[in-house]
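# Residue-level structural notes
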Amino acid sequence: MSNNNYFSGIFFGVKSLLTGLGVTMKEFFTRKITEQYPENRKELKMFDRFRGRLVMPHNDKNEHKCIGCGLCQMACPNGSIKVTTESVELPDGKKKRQLVKYEYDLGCCMFCELCITACPQGAIEFCTDFENAVFDRTKLVQQLNLPGSHVAEKPVAPKPAAPAAEKPATEKPAAPAAEAPANTNPEKPAAV
Amino acid sequence: MFDFTKVTNWIDALLLSFLPGWAATLVECVLVALVIITLYAVFAIILIYMERKICAFFQCRLGPNRVGKWGSIQVLADVLKMLTKEIIDMKNVDRLLHKMAPFLVIVASMLTFACLPWNKGAGVIDFNIGIFFFLAAGSIGVVGILLAGWSSNNKYALIGAMRSGAQIISYEVSIGLVMLTMIVLTGTMSFSEICQQQADLGWNIFRGHIPAALAFIVYLIAGNAECNRGPFDMPEAESELTAGYHVEYSGMHFGFYYLAEYLNLFICAGIASTIFLGGWAPLHIWGLDGFNHVMDYIPGAVWMVGKTFFVVFLLMWIRWTFPRLRIDQLLALEWKYLMPLSLVLLVVMALCVSLGLTF
Amino acid sequence: MTTESIIFILLAAFVAVFSVLSVTTKRIIRAATYLLFVLFGTAGLYFLLGYTFLGAVQIMVYAGGIVVLYIFAIMLTGKSKDAQQKPIALGKRFAALMAALIGAGLLMFVVISHHFVSTSLSAEVTNESAAPISQIGSSLLSAGEGGNLLPFEAVSVLLLACIIGGLIIARKR
């Protein structure tokens, strides 16, 4: 506790205070990053990480990647996803599970992204739309697969361990996309 | 420079022409009071808007921008809101003191506001002891704050008031010493004479060079603390005391504290610009006669208000940069650093003046 | 009836009313506040006389210093709710009455014998009596004729003693 400490303390203090003042003065003149929403909605660009609502991307041939495995439905903690599948007969006699309806309730969703992590096919993702307000709660329940869409056929099946959760499935390389036969019942409708 | 006494003398003569002496004085007093109160309100609105905008800019935001162009009438809307709010009566408080405290604060603030010299010949309260009167009137505000804390019957308010009292009384020491330093330089305590001197001889901060510049910095720090503004806003630290001594006030009673806070900021800056930066004296650079001549055409009131807002900006810059001090750090800053420094400055300034080292 | 007399009467009434309130109120913090107003009134009288320096000192030292000190002390000593109000003993009442009467008598004697009432305030007095601050300062620190250096230094010794006393009371053991 000498005098030396006292004076060096003053100089150190003044120096650090001046540093702080410098930082704020620089900030004073930087361009402000505030988005003025209703005015700039035309050019407003949300950042990529933003989770607005769940979508199922379709390609230009109206094909999606969903195989109807229901993993997302099981992963969802809020039960906001309901996958309806049906079993169809393929020309070669095999049965194949097919997505009928992919229902997503935006009102229940908590944007945890567990469904996307669970999806083996990368069929669903969050888009950056944020103007989701509607006047009626029923409008929040959306069907994600477009009418008339079907699963994109893959030429080869790299197919990692994803469908292992499903039934044994004696599938052939001919039927590339992971299809599990004989399980037509749309798994228990998740209690909403 | 334009001498404002021509206007006041003309008004005086006009009133005396059809009124007896005492009535003329009364009318003049009322007129001056009206002008002061109007200026007070107008500057409060400007300052609150300025604070919100500048705070936003320092934080990389835009600030109010919805009500009016660039949010310019936001503050007016806030004032209307505050005027229409209910003033709540509480149980178990000392009603009389609770209602009186804001008025003490605002009266002290208005008295000091009236001390500012606006132009040559346009000072309202101009004694030969101007600075001393300013300090005396400013010290009334502490009583208001202490009474507010006591009468609210609320522990946060009480703690806030105690902190505020300790803080203001401590920092008044520094302010007084710094003002003494500058009085040593000027040799007078009257605001009008100080300004006139600076118009003739140059601004005090240049005349007194090193000690005056250091005194200016000490004054800014102590003045900021005197106004209870960040980083010295312990008395109303939101995170721990919710709002300190005015936590129980609502409506316009709170509005008085709010007004007084901003006007004290303005007064602090105004006194700084009067004592250090020349008040209404225009900027003269020795040797540049053409430049000086142009500067003389700018009215004194513009100089005064401009300098004051410059100092206000400095104080806001400080406020929005530094984190809040703890109460013991705050008192240590005053008693261990600022007060010794201002004592040294006083001695150095006295030496400079007696040895003729000032300009 | 000049303007000065009217203002003087107003100020005097102000001081008198608040003096009475200050001693009759039952709440100590209110008493301190009324005392503050009494001191304001006194300062107003000084300003009326043109003694601006004295008026400012009155506000600075008494209103800004002493009353704040009182209020601080009251705040630190807690509420006086539990202080039971015993009826004052008869002897004490008698003593108080006598003290008041004798005090009033002395004051009246001094006032009347000095003819304060007869010299009314006038504008000339108001303007002449304002002593320049430099004169006050030099007489305060001069050791020559009429200088006040000795009392000044005596007061500073007193204050020094107060500071040392405060340090000794507050030091850690």
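Cut-off values and rules
- Residues numbered from 1 in each chain as written.
- Chains lettered and ligands numbered in written order.
- Predicted model: local features only at pLDDT ≥ 70, side-chain atom pairs only at ≥ 80, totals over all residues.
- Heavy atoms only, no water.
- Helix = DSSP H or I, 4+ residues; strand = E, 2+ residues; numbered from the N terminus.
- Rg over C-alpha atoms; globule rule 2.2 N^0.38 Å.
- Buried < 20%, exposed > 50% of the residue type's maximum accessible area, 1.4 Å probe, protein only.
- Contact = heavy atoms within 4.5 Å.
- Lys, Arg positive; Asp, Glu negative; His and termini not counted.
- Charge placed at Lys NZ, Arg CZ, Asp CG, Glu CD.
- Buried area = accessible area lost by both parts, 1.4 Å probe.
- Salt bridge = Lys/Arg side-chain N within 4 Å of Asp/Glu carboxyl O.
- Core = buried A, V, L, I, M, F, W, Y, C linked by side-chain atoms within 4.5 Å.
- Axes fitted to C-alpha atoms, helices over the stretch in contact; angles between N-to-C directions.
- Parallel < 35°, antiparallel > 145°, perpendicular 65-115°, else oblique.
- Nonpolar A, V, L, I, M, F, W, Y, C, P; charged D, E, K, R; others polar.
- Pairing = 2+ DSSP bridges.
- Polar contact = N/O pair within 3.5 Å; in protein donor to acceptor, adjacent residues only side chain to side chain.
- pLDDT = per-residue confidence, 0-100.

With that settled, consider the overall build of chain B. Assigned secondary structure in chain B consists of 15 helices and zero strands. For a compact globule of 359 residues, the expected C-alpha radius of gyration is about 21 Å, and chain B comes in at 21 Å, within 12% of that figure. The principal-axis extent of the C-alpha atoms belonging to chain B is close to 65 × 60 × 40 Å. Looking at the 359 residues of chain B, the share that counts as buried comes to 54%. Put simply, of all contacts in chain B between residues at least 6 apart along the chain, 78% involve residues at least 24 apart. Taken together, the 21 basic and 23 acidic charged side chains of chain B have centroids lying 10 Å from each other.

The next subject is the interface of chain A and chain B. Every contact between the two is made by 17 residues of chain A and, on the other side, 17 residues of chain B. Counting each side, the surface lost to burial between chain A and chain B is near 1500 Å², with a carbon and sulfur contribution of 71%. Of all residues in chain A, A:Leu21, A:Phe28 and A:Lys32 bury the most surface against chain B, accounting for 35% of the area lost on that side. Counting the contacts that link chain A with chain B gives one salt bridge.

Where a protein is soluble and globular, its nonpolar side chains tend to be buried together. B:Phe113 and B:Phe276 are the most contacted members of the largest nonpolar core, which totals 127 residues. Ranked by the residues each element gives to this core, the list is headed by helix H12 (residues 251–275) of chain B, at 14 residues. Non-local contacts of B:Phe276, meaning those with residues more than four positions away in its chain, are made with B:Val178, B:Met182, B:Gln198, B:Trp203, B:Asn204, B:Ile205, B:Ala212, B:Ala215, B:Phe216, B:Tyr219 and B:Ile271. Core analysis: the second largest hydrophobic core is formed by 19 residues, A:Cys72, A:Leu106, A:Ala123 and A:Leu144 among them.

Residues and elements named next belong to chain B. Orientation of helix H2 (residues 21–58) relative to helix H4 (residues 95–114), taken along the N-to-C sense of each, is 105 degrees, at an axis distance of 11 Å. Here H4 runs roughly perpendicular to H2, going by the angle between their axes. Packed against H2, whose contacting residues are Ile36, Ile37, Leu39, Tyr40 and Phe43, the element H4 presents Ile106, Ser109, Met110, Phe113 and Ala114 at the interface. Class assignment of the residues belonging to the contact of H2 with H4 gives a composition of nine nonpolar, one polar and no charged.

Regular strands place side chains that alternate from one sheet face to the opposite one. Residues and elements named next belong to chain A. The pairing of strand S3 (residues 81–89) with strand S4 (residues 95–105) spans nine bridges and is classified as antiparallel. Across the sheet, Glu86 pairs through a bridge with Gln98, a residue of S4. Hairpin connection, S3 to S4: the antiparallel pair is bridged by five residues, and Gly93 has positive phi, about 90 degrees.

Another point: the sheet that holds S4(A). All names here are of chain A. Spatially, S3-S4-S6 is the arrangement adopted by the three strands of the open sheet, whose pairing is antiparallel. Every interior strand has two partners, whereas the edge strands, S3 and strand S6 (141–143), have only one. Strand after strand, the sheet turns through a mean of 25 degrees between neighbouring axes, direction not considered. Where S4 lies against S6, three bridges are found, and the strand directions are antiparallel. Bridge pairing links Tyr104 to Gln142 in S6.

To continue, consider the interface of chain B and chain C. At the interface, 29 residues of chain B touch 28 residues of chain C. Here chain B meets chain C over a buried area of about 2500 Å², counting both sides, of which 83% is carbon and sulfur. Three residues stand out in chain B for area buried against chain C, namely B:Phe132, B:Trp150 and B:Met162, and they jointly supply 22% of the buried area on that side. For the interface between chain B and chain C, the tally reads zero salt bridges. Seen at the junction of chain B and chain C, the total is zero residue pairs in polar contact (both at pLDDT 80 or more). At the level of secondary structure, the elements contributing two or more residues to the side of chain B that touches chain C comprise H4, helix H5 (130–138), helix H6 (140–151) and helix H7 (155–186) of chain B.

With respect to the secondary-structure elements, B:Thr308 resides in helix H14 (residues 300–319). Non-local contacts of B:Thr308, meaning those with residues more than four positions away in its chain, are made with B:Phe266, B:Ala269, B:Gly270 and B:Ser273.

Here the phi dihedral of A:Phe111 falls at roughly 60 degrees; this positive angle occurs in a residue that is not glycine. Checked against the element boundaries, A:Phe111 lands in the loop between S4 and helix H3 (114–118). With relative accessibility at 28%, the residue A:Phe111 sits in the partly exposed group. The residue B:Asn228 is not glycine, and still its phi comes out positive at about 60 degrees. Positionally, B:Asn228 belongs in the loop between helix H10 (209–226) and helix H11 (238–241). For B:Asn228, a relative accessible area of 3% corresponds to the buried category.

All right, on to the confidence of the model for chain A then. As a note on interpretation, predicted positions should not be read in detail where pLDDT is low. All names here are of chain A. Here chain A averages 76 in pLDDT, and 78% of its residues register 70 or above. Summarising per-element confidence for chain A, the mean pLDDT is lowest in strand S7 (residues 150–151) (78) and highest in H3 (90). Contacts from residues 161–192, a stretch scored under 50 in pLDDT, to residues over four places away or in other chains number 50 contacts.

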